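This is what each chain is made of:
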Amino acid sequence: MSQGPRSGLYAVSSALLAMSRHLEVRDVLKTIVASARELLDARYAALGVPDDHGGFAQFVVDGVSDAQWKAIGPLPRQHGILAAMLHEARPERLADVRKDPRFEGWPAAHPDMSDFLGLPIRDGDEVIGALFLANKNRTKEKENQKDSSAPDGGCGFTEDDQELLTILAQHAAIALTNARLYERSRELTIAEERSRLAHELHDAVSQKLFSLRLTAQAAAALVDRDPARAKGELHQVAMLAAEATEELRAAVIELRPAALDEDGLVATLRTQIQVLDRAHSARVTFAGHGVRALPAAQEEAVLRVAQEALHNALRHSGAGRVDVTLEKRGTGTVLRVSDDGSGFEPTAIRAAGRHLGLVSMRDRSSGVGGTLSVESAPGKGTTIEMEVPGG
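Described below are features of the structure shown in this document. (Residues numbered from 1 in each chain as written. Predicted model: local features only at pLDDT ≥ 70, side-chain atom pairs only at ≥ 80, totals over all residues. Heavy atoms only, no water.)

A word on the sheet that holds strand S8 (residues 332-339). As summarised here, the arrangement of the five strands in space is S6-S7-S8-S10-S9, forming an open sheet in which the pairing is mixed. Of all the strands in the sheet, just strand S6 (283-289) and strand S9 (371-376) have a single pairing partner and so form its edges. Strand-to-strand, the axes of this sheet are offset by a mean angle of 10°, without reference to chain direction. Here S9 runs beside strand S10 (residues 382-389); their pairing, made up of six bridges, is antiparallel. Residue Glu375 lies in a different strand from S10, and its bridge partner there is Thr383. Running at roughly 145° to S9, helix H11 (residues 358-367) makes contact with S9 and S10 of the sheet. (Pairing = 2+ DSSP bridges. Helix = DSSP H or I, 4+ residues; strand = E, 2+ residues; numbered from the N terminus. Axes fitted to C-alpha atoms, helices over the stretch in contact; angles between N-to-C directions. Contact = heavy atoms within 4.5 Å.)

Bringing the packing of aromatic side chains into the picture now. All chains considered together, the criterion is met by five aromatic pairs. The interplanar angle of 25° and the centroid separation of 5.6 Å between the aromatic rings of Phe116 and Phe132 together place this pair among those described as stacked. Placement of the pair is Phe116 in strand S4 (residues 116-123) and Phe132 in strand S5 (residues 126-136), with a sequence separation of 16 residues. Here Phe116 falls in the buried class, since its relative accessible area comes to 6%. The class for Phe132 is buried, based on a relative accessible area of 10%. Ring pairing ties together the aromatic residues Phe56, Phe59, Trp69, Phe116 and Phe132, which thus form one cluster. (Phe/Tyr/Trp six-rings, centres within 6.5 Å; stacked < 30°, edge-to-face > 60°. Buried < 20%, exposed > 50% of the residue type's maximum accessible area, 1.4 Å probe, protein only.)

Sheet architecture is open: five strands sit in the order S2-S1-S5-S4-S3, paired in antiparallel fashion. Each edge of the sheet is formed by a strand with only one pairing partner; in this case those strands are strand S2 (56-62) and strand S3 (92-94). Looking at each pair of strands side by side, their axes are set apart by 15° on average, direction ignored. In this sheet, S4 lies alongside S3 in antiparallel orientation, the contact comprising three bridges. Across the sheet, Glu92 pairs through a bridge with Gly118, a residue of S4. Sheet contacts for helix H2 (residues 25-39): strand S1 (42-50), S2 and S5; angle to S2, the most-contacted strand, approximately 40°. Of the strands in this sheet, S1, S2, S3, S4 and S5 touch helix H4 (residues 80-87), which is tilted by about 140° from S5.

The next thing to look at is unusual backbone geometry. Despite not being glycine, Asp41 has its phi angle at roughly 55°, a positive value. Within the secondary structure layout, Asp41 lies in the loop between H2 and S1. When its relative accessible area of 40% is taken as the criterion, Asp41 is described as partly exposed. In this structure, Asn135 is a non-glycine residue whose phi angle is positive, near 60°. Residue placement: Asn135 occurs in strand S5.

With that settled, consider the pairing of S1. Taken residue by residue, a regular strand's side chains alternate between the two faces of the sheet. Burial analysis of S1 places seven of its nine residues in the buried class, the great majority of the element. Bridge count for S1 against S5 is six bridges, and the pairing is antiparallel. Across the sheet, the residue bridging to Gly48 is Ala130, located in S5. For S1 and S2, the ladder comprises six bridges, and the chain directions are antiparallel. Pairing of Leu47 across the sheet is with Val60, part of S2.

Attention shifts here to the environment of Cys155. Summarising the element assignment, Cys155 is placed in the loop between helix H5 (140-145) and helix H6 (159-222). Spatially, the C-alpha atom of Cys155 lies 5.4 Å from that of Asp115, the residues being 40 residues apart in sequence. In contact with Cys155, other than residues within four places in its own chain, are Arg93, Leu94, Ala95, Asp115, Phe116 and Arg138.

This model, assessed by the stated rule, comprises 15 salt bridges. Measuring nitrogen to oxygen at the nearest pair gives 2.8 Å for the salt bridge that ties Asp100 to Arg102. In this structure, the salt-bridge partner of Asp277 is Arg283, at a minimum N-O distance of 2.8 Å. A cluster of three or more residues bridged by salt bridges with shared partners is formed by Glu88, Arg90, Glu92, Asp100 and Arg102. (Salt bridge = Lys/Arg side-chain N within 4 Å of Asp/Glu carboxyl O.)

Tracing the backbone shows Asp339 in strand S8. We note that Asp339 is buried and unpaired, the nearest opposite charge coming from Arg321 at a distance of 11 Å. A distance of 2.8 Å separates a polar side-chain atom of Asp339 from the backbone nitrogen of Gly341. The residues touching Asp339, leaving out its near neighbours within four places in the chain, are Ala313, Ser317, Ala319, Arg321, Val322, Gly381 and Thr382. (Lys, Arg positive; Asp, Glu negative; His and termini not counted. Polar contact = N/O pair within 3.5 Å; in protein donor to acceptor, adjacent residues only side chain to side chain.)

In structure tokens form, the structure reads like this:
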């Protein structure tokens, strides 16, 4: 490549190794974009994964601050140059993207871009993404020499750059496909666990519940004509109910998520939240800060509370955004789930507690030596915070 065989090979190798280190799709996308921008010395880079509705399921940028990205507004649609890369599946190298007849403008807060290099990411015949860079960083001397008669038509990105990005995109397709397969296998594992639990509950508990029902009916029939026998039947009802409860508890305890043992709490939460982010219209985010491994019982309790709180936020609150954080605080670890949904009146928390699973969440917290707090107000969203010792 133009920067010399040794340095070019080293840079490509570093980029490919970085992509191979991640299994979660979002992390892979970020690594691809950052690697492409660094490798080709561009000011901006982005990668969009298209959905089936003319938009993007995911869109990752590099070189744009969080404040800029927020000010830009909604994700782009599949039109203009992006549409050409996605639907015609061909590279695009332009001296000035603004002068291309397909250019349709951008939001006011969008950074100004000129030279442009973009190409599709393909898995076989399927286009699974669009990778593009803008504003090649150039020296003052090269900038002064830029004109339309230049070999590359004044574009800062050269044919060598395009060739290099093509190599990167080919490997990006492999990394992205592997990450998708990994996440899909996790989703299937969750589904299989649910199916297994259903069978466990049916086999272990249903027979006892059936016996309990018959015994209760017998007690009801005897209560008037033979109270002594009715009392005996009621004792049997109590015994059967206790046995069913123990069977149920044993089945649930056995269902410790396999991902916790394999990956730990932080990675398991991140993966599940990424799945929820894709499955719901609400934006669901996760951040983990400085948390080390917790005892198994605490990790499972934190995961279950997070799942319950996320279920409430996504199914009942009408939230547009749900943020989950897991961080070290003093000698403990804190889980926080905050949403911008409808919220509820704190004075009515006792009535709402069972509906929202708050009783179960408090029991899980206290069962591992932790505490649970709930902050909410009508129209102000809800924040659930769980703190456990350790981590």
